[in-house]
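Overview (structure and organization)
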Amino acid sequence: MTTAQQPPLSFPAHFLLGSATAAYQIEGAADEDGRGPSIWDTFSHSPGKTWNGDTGDVAADHYHRLEADLDLMASLGLRAYRFSIAWPRIQPTGRGPANPKGLDFYSRLVDGLLARDITPVATLYHWDLPQALEDEGGWTNRATAHAFADYARIVGEALGDRVAIWTTLNEPWCSAYLGYGSGAHAPGRTDGAAALTAVHHLNLAHGLAVEQLRAVTTNDPQYSITLNFHVLRGKGEGAEEAVRRIDALANRAFTEPLLRGHYPQDLIEDTAGITDWAFVEDGDLARIHQPLDLLGVNYYATTTVGLWDGGAPRQNNDGHKDVGGSPWPGSPQVEFHATDGPHTAMGWNIDPDGLEELLLDLHARFPGQPLVITENGAAFEDQVTVGPDGSHAVHDPERVDYIRRHLAAAQRAVADGVDLRGYFVWSLMDNFEWGYGYSKRFGIVHVDYETQRRTLKDSALWYRDVVRKHSGTVDASLTL
């Protein structure tokens, strides 16, 4: 179906169209106003861990350009903005009293959003664990989950009269398996047992944080968690078994305790040679299993898996940097096949049908659970064009097509009965892309890292028009 043949995009009245960012990726000001070091400060400053040795020290300098960036959001007509709060900016060591300057920054951010009629959506944790807590074991230490709950209470008390939607964790799969299993993300550990321990402590941290937020917020907000779901395709003999194993590690290790109150038995059996799961204590699952107002869905691509024959070189095209460790503890017999194109600059395949499939699957497995697409977007090789008058432009038709096709997939899912509440394009602006440094650009707004100049890409202008044409009005319960 050509672009001209696509039906017009239309969503329910309560549907939020917004964009998203993460603190370490855009804020900069890494050692200012009392902020302590995070695991990503340590990791990015360690030789060989990031592309070109890039760090988030300056990033997109959002900390110093808050008002201008808020005006930029307003110019795009964003209905909502999903941002994350840097834990080490609030508690430099992960414990103790709040840093007033850190709280003030996020208070000004929330107030600035509300003044511009943009719904604030706050994520408490987008991977920037205070380094002092990692020194005590990080997410392998049960105490970190309780420290996170205290942090949630502090932030909830400060912003809990204004934030509309709270997200506890962003992609705990990445925090656990890439941070403690594969070593591709901070803190860079390569221990399968540590990764599985981190899975549980992150799940527990979510439950404890929701309890604290519910106790202190005053504006009847909504509570959520964001998961990066793996949409799996099987290939070859034993494909069904490969899909089952990776689904357990990637998806059900989170959805089952969060939404059903237990860990999958097959996951426990698959990983029995690595851990006995003794870190799951009495009462933990009840605290993890709490009603969610929204389940955040991050989707970028599909993953193709099969069983390795043990002879030919094992394929490892799982979409993540291979630095020696494995993010798939207990499943070394699974291999990851290359996906059919086209692909983005990340090497991820473009498959909007996968998003539709995912939304329909979640709707079928967890009926009545509202969903929201909290991240969807693509990196491409953007080029800045300078006009005769000195104006800057970025023509990114591939990104426009990517976003349009995924929004259309979301629209089809809604038409089929999925309770989908919103869509957040990743990302508002180009930023520090973790281990890839500044080599990958996901933003709909281009950032010149030398000058910090912002340029609206064609995708931003297109998305602005989509938002403007969205005829519904934001649900009053989300606008406070």
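Keep in mind that what you see is a predicted model, and the values were worked out from it rather than measured.

Analysis parameters
Within each chain, residues carry numbers counting from 1 in the order of the written sequence. Local features in this predicted model are restricted to residues of pLDDT 70 or higher, and side-chain atom pairs are both shown and tallied only at a pLDDT of 80 or more, whereas totals for entire chains, interfaces and linings draw on every residue. Values reported for side chains reflect all heavy atoms of the structure, with hydrogen atoms and water molecules removed beforehand. A helix here means a DSSP run of H or I that spans at least four residues, while a strand means a run of E at least two residues long, and both kinds are numbered starting from the N terminus. As defined in this context, the radius of gyration uses C-alpha atoms, and a globule is described by 2.2 Å times the residue total to the power 0.38. Burial classes follow relative accessibility: with a 1.4 Å probe on protein chains only, a residue under 20% of its type's maximum area counts as buried, one over 50% as exposed, and anything between as partly exposed. Only heavy atoms matter for contacts: two residues are in contact if any of them lie within 4.5 Å across the pair. Note on areas: Shrake-Rupley with a 1.4 Å probe; residue coverage comes only from the protein chains shown. We count Lys and Arg on the positive side and Asp and Glu on the negative side, and we leave His and both chain ends out. For this purpose, a charge sits on NZ of Lys, CZ of Arg, CG of Asp or CD of Glu. Here the expected span of a helix is defined as 1.5 Å times the quantity of residues minus one. For this analysis, a polar contact is any N or O atom pair within 3.5 Å, provided that within protein one partner can donate a hydrogen and the other can accept it, and provided that sequence-adjacent residues contribute only side-chain to side-chain pairs. Whenever a helix is involved, its axis is fitted only over the stretch in contact; in every case the axis is a line through C-alpha atoms, and angles between N-to-C directions fall within 0 to 180 degrees. With respect to orientation, any angle under 35 degrees is reported as roughly parallel, any angle over 145 as roughly antiparallel, any angle of 65 to 115 as roughly perpendicular, and every other angle as oblique. Crossings are assigned a handedness: left-handed for a near helix turned anticlockwise from the far helix by less than a right angle, right-handed for a clockwise turn. Under this grouping Gly is polar, as are all residues other than the nonpolar Ala, Val, Leu, Ile, Met, Phe, Trp, Tyr, Cys and Pro and the charged Asp, Glu, Lys and Arg. UniProt positions are given in the numbering used here, feature names are shortened, and annotations may be inferred rather than shown by experiment. Centre distance within 6.5 Å is the pairing criterion for rings of Phe, Tyr and Trp, where only the six-membered ring of Trp is used; planes under 30 degrees apart are then read as stacked, over 60 as edge-to-face, and the remainder as tilted. In this scheme, Lys NZ or Arg CZ marks a charge over a ring once it lies within 6 Å of the ring centre and within 35 degrees of the ring normal. One bridge is not enough; two strands pair if DSSP finds at least two bridges between them. One speaks of a salt bridge when a side-chain nitrogen belonging to Lys or Arg is within 4 Å of a carboxyl oxygen belonging to Asp or Glu. Residues belong to a common nonpolar core when they are buried Ala, Val, Leu, Ile, Met, Phe, Trp, Tyr or Cys residues joined through side-chain atoms within 4.5 Å.

1. So, the overall build of the protein
- The helix and strand tally for the protein stands at 16 helices and 15 strands.
- On C-alpha atoms alone, the protein measures out to a radius of gyration of 21 Å, which is about the 23 Å that the 2.2 N^0.38 rule sets for 480 residues.
- Each of the three principal axes of the protein carries a C-alpha extent, and together these read 65 × 55 × 45 Å.
- The proportion of buried residues among the 480 residues of the protein is 60%.
- The contacts of the protein with a sequence gap of at least 6 include a subset with a gap of at least 24, amounting to 79%.
- Approximately 17200 Å² of the protein is accessible, and the part contributed by carbon and sulfur atoms is 50%.
- Side chains of the protein give 38 positive and 64 negative charges; the mean places of these two sets differ by 3 Å.

2. Describing helix H9 (residues 192–216)
- The first and last C-alpha atoms of H9 sit 36 Å apart over 25 residues, in line with the 36 Å expected at 1.5 Å per residue.
- Where burial is concerned, most of H9 is hidden: 19 out of the 25 residues are buried.
- The residue sitting at the N-terminus of H9 and contributing the capping side-chain oxygen is aspartate 191; that oxygen lies 3.0 Å from the backbone nitrogen of alanine 193.

3. Some thoughts on the packing of helix H13 (residues 352–365) against helix H14 (residues 397–415)
- In contact at an axis separation of 8 Å, H13 and H14 are set at 25° when each is read in the N-to-C sense. Of the possible angle classes, the one that applies to H13 and H14 is roughly parallel. Of the two elements, H13 crosses H14, and the hand of that crossing is right-handed. Where H13 abuts H14, its residues Pro352, Asp353, Leu355, Glu356 and Leu359 lie against Arg405, His406, Ala409, Ala410, Arg412 and Ala413.
- Residues of the contact of H13 with H14, tallied by class, amount to 6 nonpolar, 1 polar and 4 charged.

4. A look at the UniProt feature "active site" (unreviewed entry) in the protein
- UniProt's feature table lists "active site" (unreviewed entry) at Glu375, given in the numbering used throughout.
- Residue glutamate 375 is classed as buried on the basis of its relative accessible area of 3%.
- Beyond its immediate stretch of four places on either side in the chain, glutamate 375 contacts Arg82, His126, Asn170, Glu171, Val297, Asn298, Tyr299, Tyr300, Phe424 and Trp426.
- Within polar-contact distance, the side chain of glutamate 375 engages the side chain of arginine 82 at 3.3 Å.

5. Remarks on the packing of aromatic side chains
- Summed over all chains, the structure comprises 29 aromatic pairs.
- The interplanar angle of 85° and the centroid separation of 6.2 Å between the aromatic rings of tyrosine 125 and phenylalanine 148 together place this pair among those described as edge-to-face. With tyrosine 125 in strand E3 (residues 119–125) and phenylalanine 148 in helix H7 (residues 142–159), this pair connects stretches of sequence that are 23 residues apart.
- Of the residues examined, phenylalanine 148 reaches a relative accessible area of 0% and is grouped as buried.
- Arranged with centres 6.1 Å apart and planes meeting at 65°, the rings of tryptophan 139 and phenylalanine 148 form a pair that is edge-to-face.
- Aromatic rings pair up to connect Tyr24, Trp40, Phe43, Trp127, Phe432, Trp434, Tyr438 and Tyr449 into one cluster.
- In this arrangement the basic side chain of lysine 321 is found over the ring face of tyrosine 436, its NZ or CZ atom lying 5.5 Å from the centre.

6. Topic: the sheet that holds strand E7 (residues 294–298)
- Spatial ordering of the closed barrel is given by E1-E2-E3-E4-E5-E7-E10-E13, a layout of 8 strands whose pairing is parallel. Strand-to-strand, the axes of this sheet are offset by a mean angle of 25°, without reference to chain direction.
- With 5 bridges connecting them, strand E1 (residues 16–20) and strand E13 (residues 420–426) associate as parallel partners. Bridging from a neighbouring strand, serine 19 pairs with valine 425 of E13.
- Here helix H5 (residues 100–115) sits on the sheet and contacts strand E2 (80–84) and E3; the angle it forms with E2, its principal contact strand, is near 170°.

7. A look at H7
- Taking 1.5 Å of rise per residue, the 18 residues of H7 would be expected to cover 26 Å, and the 26 Å separating its terminal C-alpha atoms lies within 8% of that figure.
- Residues of H7 that are buried sit in contact with helix H4 (87–90), H5, E3, helix H6 (131–134), strand E4 (165–170) and H9.
- Looking at where H7 begins, the residue whose side-chain oxygen comes 3.0 Å from the main-chain nitrogen of alanine 143 is asparagine 141.

8. Thoughts on the side chain of asparagine 298
- With respect to the element layout, asparagine 298 can be found in strand E7.
- In this structure the side chain of asparagine 298 is engaged in a polar contact, spanning 3.0 Å, whose partner is the backbone nitrogen of glutamate 375.
- Non-local contacts of asparagine 298, meaning those with residues more than four positions away in its chain, are made with Asn170, Glu171, Thr226, Leu227, Asn228, Phe229, Thr374 and Glu375.

9. Some details on the pattern of salt bridges
- Counted by the stated rule, this structure contains 39 salt bridges.
- The residue aspartate 247 makes a salt bridge to arginine 252 at a minimum N-O spacing of 2.7 Å. The pair aspartate 247 / arginine 252 is uniform in exposure class, with both members buried.
- With a closest N to O distance of 3.0 Å, aspartate 361 and arginine 365 form a salt bridge.

10. Examining the pairing of E1
- Counting buried positions along E1 yields 5 of 5 residues, so the element is predominantly enclosed.
- Burial along E1 is two-sided: the residues Leu16, Gly18 and Ala20 and Leu17 and Ser19 are all buried.
- The pairing of E1 with E2 spans 3 bridges and is parallel. Across the sheet, the residue bridging to glycine 18 is alanine 80, located in E2.

11. Considering the nonpolar core
- Residues Ile85, Tyr106, Trp139, Phe148, Trp166 and Tyr463 are the most contacted members of the largest nonpolar core, which totals 147 residues.
- Those residues in contact with tyrosine 106, other than ones at most four positions away along the chain, are Ala23, Glu27, Phe83, Ser84, Ile85, Ala86, Arg89, Ile90 and Leu159.

12. Description of the sheet that holds strand E8 (residues 302–307)
- Reading across from one edge, E6-E8-E9 is the order of the 3 strands in this open sheet, with mixed pairing throughout. If you trace the sheet from one side to the other, it starts and ends with strand E6 (231–234) and strand E9 (334–337), each paired once. Sheet twist, expressed as the average angle between the axes of neighbouring strands with direction ignored, equals 40°.
- In this structure, E6 lies alongside E8, joined through 4 bridges in parallel fashion. Note that in E8 the partner of arginine 233 across the bridge is threonine 304.
- In the packing of H13 onto the sheet, contacts are made with E6 and E8, and the angle to E6 comes to roughly 110°.

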